[in-house]
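Here are the chains, one letter per residue:
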Amino acid sequence: MAETARTEQQLELGIQQGALEPSLWQRLQQWWLPEESVLYDRALLWLALGLMAFGFIMVSSASFPIAERLTGNPFHFVIRHSLYVALGLGLLAIAVQIPSDWWFKGSAGLLLAALASLIVVLVVGHEVNGARRWIKVGPMTLQVAELAKFFFVIYLSSYLARRIDLVQENLREFIKPLVVLFFFAVLLLMQPDFGSLAVMIAIVVGMLFLAGARLWQFFAISIVLALGVTLLIIKEPYRMKRVTSFLDPWEDPFGSGYQLTQSLMAFGRGDWMGQGLGNSIQKLQYLPEAHTDFIMAVVGEELGFLGLVGVLVAVFAMVIRALLIGRRGLRLDERFGAFVAYGIGIWFAFQALVNIGAAAGMLPTKGLTLPFVSYGGTSLLVSCIALGLLLRIDYEQRKRTVKAAPRSGIRRRRNSV
């Protein structure tokens, strides 16, 4: 009898433990939507770190041929990218420690610093292929437009946090950010850097819409900006040539359409499963900028359609996390953090869409990197700082919502077992 009772107790204890152990689906839900007692967004952090690791592998694979031809050292870009990754992780760790209130108070200074840097680069900048976009700082080359995008998001978030009610009701307050955008546009077009300007336009339109601007104001400014972009494309022959070559790259496959046709051939060779990591042919000096603007073409050729889908899912899952942080910030009435999260999410999403769309022949080439994946030191460093700020905002939101009840509930549940 005693043996039977002991067996029944063991079975009952096993059933209770089995009931408390979460299923695989529940574990995935907890990872994607962690409890409030977790003070950082694990999903966002791991997605970004995963993209950085994947980007390092693909930059290494895509850059060997071009590095050998340009420098005689096939590991030239790998070494530089490794240094940028290490420095980016350091900046990420620092950015997480900085309270979001510091960024809010310093938004005006950061805006002036962004404008000043865009002026300085026109005077002392390093010119490449007719574009003056970079400033050499020792062994590093700094692309100031990347910093300008980030500082512009900080300024616009601060402005909307302070004047959101006026922006929704007053046309004058609605137009003020557009005046600031105009000054950025003039300086960026003097470099010229049309791609960064397109990103800023997308950020402004998206954030004003999320701020609750009136629909007639939103559609009016969208139409005006669309007409302005069209005029800028028509005015410059090289921009018009990019558009026409994008519409039919096979019309001049050895001229204006050369880069896109080579990219499309890379996608075609990849098929579903790809040719295998390191087995791309197009990167062997057939496809220009294979490790930067057209990194996704190499991904498609070596890892196939499934590899492309994996990258897309990771990038846009990270964007969704940023937008969720923004939505929660508005619920907690933390407007600045909410708009920063929205702005960074729009920035990453639009830049990823343009990069992937250009490589696939769906959009004209704009020279924009894929966040956390493409080779580009300044882009990676600024993206890491932006990620650190996102994690800090998420941490501050969770810190406000943490209560003792969930923890005591966990303890009670364990004691009951």
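Our subject is the structure listed above.
A few points on the structure. On a predicted model such as this, the values are computed, not experimentally measured, just so you know.

Conventions we followed
Residues numbered from 1 in each chain as written. Predicted model: local features only at pLDDT ≥ 70, side-chain atom pairs only at ≥ 80, totals over all residues. Heavy atoms only, no water. Helix = DSSP H or I, 4+ residues; strand = E, 2+ residues; numbered from the N terminus. Buried < 20%, exposed > 50% of the residue type's maximum accessible area, 1.4 Å probe, protein only. Contact = heavy atoms within 4.5 Å. Areas by Shrake-Rupley, 256 points an atom, 1.4 Å probe, with all protein chains shown as cover. 1 Å grid on protein atoms, 1.4 Å probe; cavity = no way out; pocket = protein on both sides within 12 Å on 5 of 7 lines; lining within 4 Å. Points joined across faces, edges and corners; volume = space filled by probe spheres on them. Pairing = 2+ DSSP bridges. Axes fitted to C-alpha atoms, helices over the stretch in contact; angles between N-to-C directions. Parallel < 35°, antiparallel > 145°, perpendicular 65-115°, else oblique. Left-handed = near helix turned anticlockwise from the far one by under 90°. Nonpolar A, V, L, I, M, F, W, Y, C, P; charged D, E, K, R; others polar. Patch = residues over 30% accessible without salt bridge, like charges linked within 9 Å, V, L, I, M, F, W, Y side chains within 5 Å. Salt bridge = Lys/Arg side-chain N within 4 Å of Asp/Glu carboxyl O. Phe/Tyr/Trp six-rings, centres within 6.5 Å; stacked < 30°, edge-to-face > 60°.

A few words now on the overall build of the chain. Per the secondary structure count, the chain includes 16 helices and three strands. A buried classification covers 48% of the 417 residues belonging to the chain. Taking as baseline every contact in the chain between residues at least 6 positions apart, the subset at least 24 positions apart corresponds to 72%. Accessible area for the chain stands at about 20600 Å²; split by element, carbon and sulfur atoms hold 65% of it.

Attention now moves to empty space enclosed by the protein. For the structure shown, the criterion picks out one cavity of 30 Å³ or more. Here the largest cavity is characterised by a volume of approximately 50 Å³. Considering the residues around the largest cavity, the lining is formed by D293, F294, V354, N355, A358, A359, T365, K366, G367 and L368.

Across a sheet, paired strands are connected by hydrogen bonds in the backbone, their directions being either parallel or antiparallel. What the three strands build is an open sheet, ordered β1-β2-β3; its pairing is antiparallel. The two strands at the open ends of the sheet, each matched to only one other strand, are β1 (126-128) and β3 (140-143). Here the strands of the sheet are splayed against their neighbours by 45° on average, with no regard to which way each runs. Two strands pair when backbone bridges link them, and strand β2 (residues 131-137) and β3 are joined in this way by four bridges, in the antiparallel orientation. Bridge pairing in β3 places V137 opposite M140. Relative to the sheet, helix α6 (residues 107-124) contacts β1 and β2, its axis offset from that of β2 by approximately 95°.

With that settled, consider the packing of helix α4 (residues 76-97) against helix α15 (residues 377-401). At a minimum axis distance of 8 Å, the contact between α4 and α15 shows a crossing angle of 25°. Compared by their axis directions, α4 and α15 come out roughly parallel. Once α4 is placed against α15, the crossing between them reads as right-handed. Contacts from H81, Y84, V85, L87, G88, L89, L91, L92, A95, V96 and Q97 of α4 reach α15 at G377, L380, L381, C384, I385, L387, G388, L389, L391 and R392. Considered class by class, the residues forming the contact of α4 with α15 number 15 nonpolar, five polar and one charged.

Looking now at a nonpolar patch on the surface. A cluster of nonpolar side chains, L171, I175, V179, F182, F183, V186, M190 and W216, forms an exposed patch at the surface whose accessible area comes to about 790 Å². No other element matches the six residues that helix α8 (residues 171-189) contributes to the nonpolar patch. Tracing the sequence through the fold places W216 in helix α10 (residues 215-235).

As enumerated under the stated definition, the model contains 15 aromatic pairs in all. Relative to F151, the ring of F150 has its centre 5.9 Å away and its plane inclined at 40°; by these criteria the two rings are tilted. Look at F150 and you get buried, because its relative accessible area is 2%. Linked through ring pairs, W102, W103, F150, F151, W347, F348 and F372 together constitute an aromatic cluster.

Right, let's talk about the environment of I295 for a bit. By secondary structure assignment, the location of I295 is in helix α13 (residues 295-331). Taking the C-alpha atoms as reference points, I295 and S374, 79 residues apart in sequence, are found 6.1 Å from one another. Apart from residues no more than four positions distant in its own chain, I295 is found in contact with M58, V59, A62, E289, A290, V373 and S374.

Purely spatial values, then, with no claim about function.
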